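A structural walkthrough
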Amino acid sequence: MRIVKRLIFIAAVSLLSVRLSALDLNGCVKMAVANSHALKSADLRINSAASGYESGRRSRFPVLAVTGEDGYNRYQRDAGLRDGLAGQLGVEFSWDTKKALSGYQELSRLELEKARLLRELSEKDIVRAVTRDYYELYILLGKRADYREARDYFSSHIEDIAKLEAAGLDVKLDRVRAEIQLRSLELTARELETDIAGVLKALSSAAGAELRAEDIVYEGGSEALVRLPALDPASVAASTRSADAAGAFSARLDRLETSSVFEAYRQSKFVYAPTLQLGVSRNLDIDPATQLYRTFVLVSLDVFDFGARAEEGKSLLHDYEARKEAELEGQKQLRLELSRLTAEIDSAAVSYAGLKNNYEAAAGNLETAKLYYTKGKIKETDLLSIFSEYLEAKQQSRDALGRYFGKKAELAYLRAGAEK
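Being a predicted model, the structure only gives us computed values, none of them experimental.

**Some words on the overall build of the chain**
- Across its full length, the chain carries 10 helices and four strands.
- Counted from the first residue to the last, the chain has its helices and strands arranged as α-α-α-β-β-α-α-α-α-α-β-β-α-α.
- Counting only residues that meet the buried cut, the chain has 34% of its 420 residues in that class.
- Accessible surface, the chain: about 25,000 Å² in total, of which carbon and sulfur atoms supply 55%.

Next up, the structure:
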């Protein structure tokens, strides 16, 4: 019981440390990797493939078998033989020359390499998913800050209306419009909280710990959730083209698949290699007419199976040619996808920069409009229109920034391994 209580205490302390530790993107990824059952499964598949490779490597070597037999024989009286023990000792050496000459272990080596590569791809899947959720939460939390700012703005605006009412102006309709806008904002903000909770659940599931918005940190601190970051489209365009995707994991996996099919075809050419057996046996017999030693050589070759084996080789050749074409198609699609993503990232960066400029211009107009309204120079409808333009410009900027981060995560996934 004391041990159970101690384990509960350690678990509680560990959970508390997770809660108190601020997690950036790298921290979220590390927790997700450590908590992934998919990666644990991939590690076990690597172990299995390694054992398969070792088995294939050893199967090239000759096999030495030792046999022993003993028994009691009883004969008819008129046979002229004595009853007693009789046995045999034997040593047999066999060698599958097909496996030895063809490099039989190469197929299992390729499977081992494939298992390792698939493990790396599984990890990149986790990185991509966590990165998407991390930046989606960043955008949503930024929108939450926007709506809180908008709520404060309308609350302040309603206070201004109250002052105008106290001064004897008829602004009841203005108050009604402002309160409607405020209620609408609160409803939208409530929907936003649902989206935030959904993303946090996804991050928590990946990390294996219950995470709150306060546990996640971003570059620039809490201020980063309020202001819009700077983004240089020229630098973005340069960075998206800085790596060659020839070594990307997906391309390497395609090459491994093609190599495996080719290896199966290549090894089929050794079908005519025979199986060789050598042996010697020693009889331990009471019968003096039985030979003491027997030595033999056996060469085994399936003569009547050549036709079927030849057709099997043709089939494997066609499989290889088909797989080669599939690899070329995969390379073409990868280049196309990389080109598309690069263009979309550039476009998102340019769009974000333009929308950010619009937002900054709208922000400059907002304070002036509020001052004009209190002095009666503009109508409330004008003020609300200017604020709506300001809020929309900021929301559009955040959406463009979210598209940029999402496309960057996808591009990093497709090019994964190319930097090595």
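Now, onward.
**Describing the packing of helix H5 (residues 105-166) against helix H10 (residues 380-414)**
- At a closest axis distance of 9 Å, the pairing of H5 and H10 adopts a crossing angle of 170°. If you check the angle between H5 and H10, you find them roughly antiparallel.
- In terms of residue class, the contact of H5 with H10 is made up of 18 nonpolar, five polar and 12 charged.

**Some thoughts on the side chain of Thr258**
- Along the chain, Thr258 turns up in helix H8 (residues 249-268).
- Among the residues examined, Thr258 registers a relative accessible area of 5% and is labelled buried.
- In this structure Thr258 touches Tyr320, Arg323, Lys324 and Glu327, once residues within four positions along its chain are discounted.

**Brief notes about helix H6 (residues 172-207)**
- A rise of 1.5 Å per residue sets the reference length of H6, with its 36 residues, at 52 Å; its end C-alpha atoms lie 52 Å apart and thus fit the reference within 8%.
- Along H6, the residues classified as buried are Asp174, Ala178, Leu182, Leu185, Leu192, Ile196, Val199, Leu200, Leu203, Ser204 and Ala207.
- Buried-residue contacts for H6 involve helix H2 (25-35), H5, helix H9 (306-374) and H10.
- Following H6 by one or two positions, Gly208 has its phi on the positive side, about 75°.

**A short note on the pattern of salt bridges**
- Evaluated as defined, the whole model comprises 27 salt bridges.
- Here Glu257 and Lys114 are joined by a salt bridge, their closest N and O atoms 3.3 Å apart. Taken together, the residues span a long stretch of sequence, with Glu257 in helix H8 and Lys114 in helix H5 at a distance of 143 residues.
- Overall, the relative accessible area of 27% leaves Glu257 in the partly exposed class.
- Residue Lys394 pairs with Asp146 through a salt bridge whose shortest N-O separation is 3.1 Å. With Lys394 in helix H10 and Asp146 in helix H5, this pair connects stretches of sequence that are 248 residues apart.
- On the basis of relative accessible area, Lys394 is assigned to the buried category, the value being 2%.

**Regarding the nonpolar core**
- Of all hydrophobic cores here, the largest spans 75 residues; its most connected members are Leu137, Tyr138, Phe154, Ile216, Tyr218, Phe387 and Tyr404.
- Those elements that place two or more of their residues in this core are H2, H5, H6, H8, H9 and H10.
- No other element matches the 18 residues that H5 contributes to this core.
- Beyond its immediate sequence surroundings of up to four residues, Ile216 is in contact with Leu23, Cys28, Tyr134, Leu137 and Leu211.

**Let's talk about the environment of Glu263**
- Note on placement: Glu263 falls in helix H8.
- By relative accessible area, Glu263 is classed as buried at 6%.
- Distance from Glu263 to Leu107, taken between C-alpha atoms, is 6.5 Å for residues 156 residues apart in sequence.
- The residues touching Glu263, leaving out its near neighbours within four places in the chain, are Ser102, Gly103, Glu106, Leu107 and Leu110.

**Focus: the side chain of Arg323**
- By the element assignment, Arg323 lies in helix H9.
- A residue is classified by how much of its surface remains accessible, and Arg323, at 16% relative accessible area, is buried.
- Of the polar contacts made by the side chain of Arg323, one reaches the side chain of Asp254; its length is 3.0 Å.
- With residues near it in sequence (within four places) discarded, Arg323 still touches Asp254, Glu257, Thr258 and Val261.

**Brief notes about the packing of H5 against H6**
- Closest axis-to-axis distance for the H5/H6 pair is 9 Å, and the angle between their directions is 160°. Our classification of the angle between H5 and H6 gives roughly antiparallel. As H5 runs across H6, the sense of the crossing is left-handed.
- Tallied by class, the residues present in the contact of H5 with H6 amount to 22 nonpolar, four polar and 12 charged.

Calculation criteria
- Residues numbered from 1 in each chain as written.
- Predicted model: local features only at pLDDT ≥ 70, side-chain atom pairs only at ≥ 80, totals over all residues.
- Heavy atoms only, no water.
- Helix = DSSP H or I, 4+ residues; strand = E, 2+ residues; numbered from the N terminus.
- Buried < 20%, exposed > 50% of the residue type's maximum accessible area, 1.4 Å probe, protein only.
- Areas by Shrake-Rupley, 256 points an atom, 1.4 Å probe, with all protein chains shown as cover.
- Axes fitted to C-alpha atoms, helices over the stretch in contact; angles between N-to-C directions.
- Parallel < 35°, antiparallel > 145°, perpendicular 65-115°, else oblique.
- Nonpolar A, V, L, I, M, F, W, Y, C, P; charged D, E, K, R; others polar.
- Contact = heavy atoms within 4.5 Å.
- Expected span 1.5 Å × (residues − 1).
- Salt bridge = Lys/Arg side-chain N within 4 Å of Asp/Glu carboxyl O.
- Core = buried A, V, L, I, M, F, W, Y, C linked by side-chain atoms within 4.5 Å.
- Polar contact = N/O pair within 3.5 Å; in protein donor to acceptor, adjacent residues only side chain to side chain.
- Left-handed = near helix turned anticlockwise from the far one by under 90°.

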